[in-house]
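Now for the letters of each chain:
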Amino acid sequence: MTLTKATIIEKLQDELGSDGFTKSKSSEVIETLLTIMKDTMEKGEDILISGFGKFQVREKSQRKGRNPATGDTMMLSPRRVVTFKCSGRLRDRINGEE
């Protein structure tokens, strides 16, 4: 199962109960959080969420590549990519060691 933005909004409402946010407020909170994360990574800064993991923006330089369909070699342009490394606590939880 894939966790979607809509599912996150529903779970946020469920977790907070009747004292929580309305659906529109929950949606606004999630959208704001994602906007902050996108803006931060766009600037090339990392995001560290304690107990969850680290999103890191990495620079990839120009390099040789190969077109898998034709086998032709080509130069791949420089780009930035986002990597994620989970925290030890999250890794333990995923592996049932908590």
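Attention here is on the structure that accompanies the text. (Residues numbered from 1 in each chain as written. Predicted model: local features only at pLDDT ≥ 70, side-chain atom pairs only at ≥ 80, totals over all residues. Heavy atoms only, no water.)

## Some remarks on the environment of Arg93
Following the sequence through the fold, Arg93 ends up in helix 3 (residues 88-94). Judged by relative accessible area, which is 59%, Arg93 ranks as exposed. With 15 residues separating them in the primary sequence, Arg93 and Pro78 have C-alpha atoms 36 Å apart. (Helix = DSSP H or I, 4+ residues; strand = E, 2+ residues; numbered from the N terminus. Buried < 20%, exposed > 50% of the residue type's maximum accessible area, 1.4 Å probe, protein only.)

## Regarding the packing of helix 1 (residues 5-16) against helix 2 (residues 23-42)
The description of two helices packed together rests on the angle between their axes and the distance between the axes. As a packed pair, helix 1 and helix 2 sit with axes 9 Å apart at the nearest point and diverge in direction by 125°. Compared by their axis directions, helix 1 and helix 2 come out oblique. Crossing handedness for the pair helix 1 and helix 2: right-handed. Contacts between helix 1 and helix 2 involve Lys5, Ile8, Ile9, Leu12 and Gln13 on the former and, on the latter, Lys23, Ser26, Ser27, Val29, Ile30, Glu31 and Leu34. Within the contact of helix 1 with helix 2, the residues separate by chemical class into 6 nonpolar, 3 polar and 3 charged. (Axes fitted to C-alpha atoms, helices over the stretch in contact; angles between N-to-C directions. Parallel < 35°, antiparallel > 145°, perpendicular 65-115°, else oblique. Left-handed = near helix turned anticlockwise from the far one by under 90°. Contact = heavy atoms within 4.5 Å. Nonpolar A, V, L, I, M, F, W, Y, C, P; charged D, E, K, R; others polar.)

## Regarding the pairing of strand 2 (residues 53-60)
Here strand 1 (residues 47-49) pairs with strand 2 via 3 bridges, running antiparallel. Residue pairing for strand 2: Ile47 is matched across the bridge by Phe55. (Pairing = 2+ DSSP bridges.)

## Remarks on the sheet that holds strand 1
On the basis of which strands lie adjacent, the open sheet formed by 3 strands has the order 1-2-5 and antiparallel pairing. Unpaired on one side and paired on the other, strand 1 and strand 5 (79-86) mark the two borders of the sheet. Going across the sheet, the axis of each strand differs from the next one's by a mean of 20°, ignoring polarity. Helix 2 contacts strand 1, strand 2 and strand 5 of the sheet and is inclined by roughly 135° relative to strand 1.

## Here's the deal with a positive patch on the surface
There is a patch of like positive charges on the surface, built from Arg58, Lys60, Arg63 and Arg79. Relative to the elements of secondary structure, Arg58 occurs in strand 2. Classification of Arg58 as partly exposed rests on a relative accessible area of 47%. (Patch = residues over 30% accessible without salt bridge, like charges linked within 9 Å, V, L, I, M, F, W, Y side chains within 5 Å. Areas by Shrake-Rupley, 256 points an atom, 1.4 Å probe, with all protein chains shown as cover. Salt bridge = Lys/Arg side-chain N within 4 Å of Asp/Glu carboxyl O. Lys, Arg positive; Asp, Glu negative; His and termini not counted. Charge placed at Lys NZ, Arg CZ, Asp CG, Glu CD.)

## Comments concerning the environment of Lys11
Structurally, Lys11 is set in helix 1. In this structure Lys11 comes out as partly exposed when scored by relative accessible area, which is 48%. Linking Lys11 and Leu33, residues 22 residues apart in sequence, is a C-alpha distance of 15 Å.

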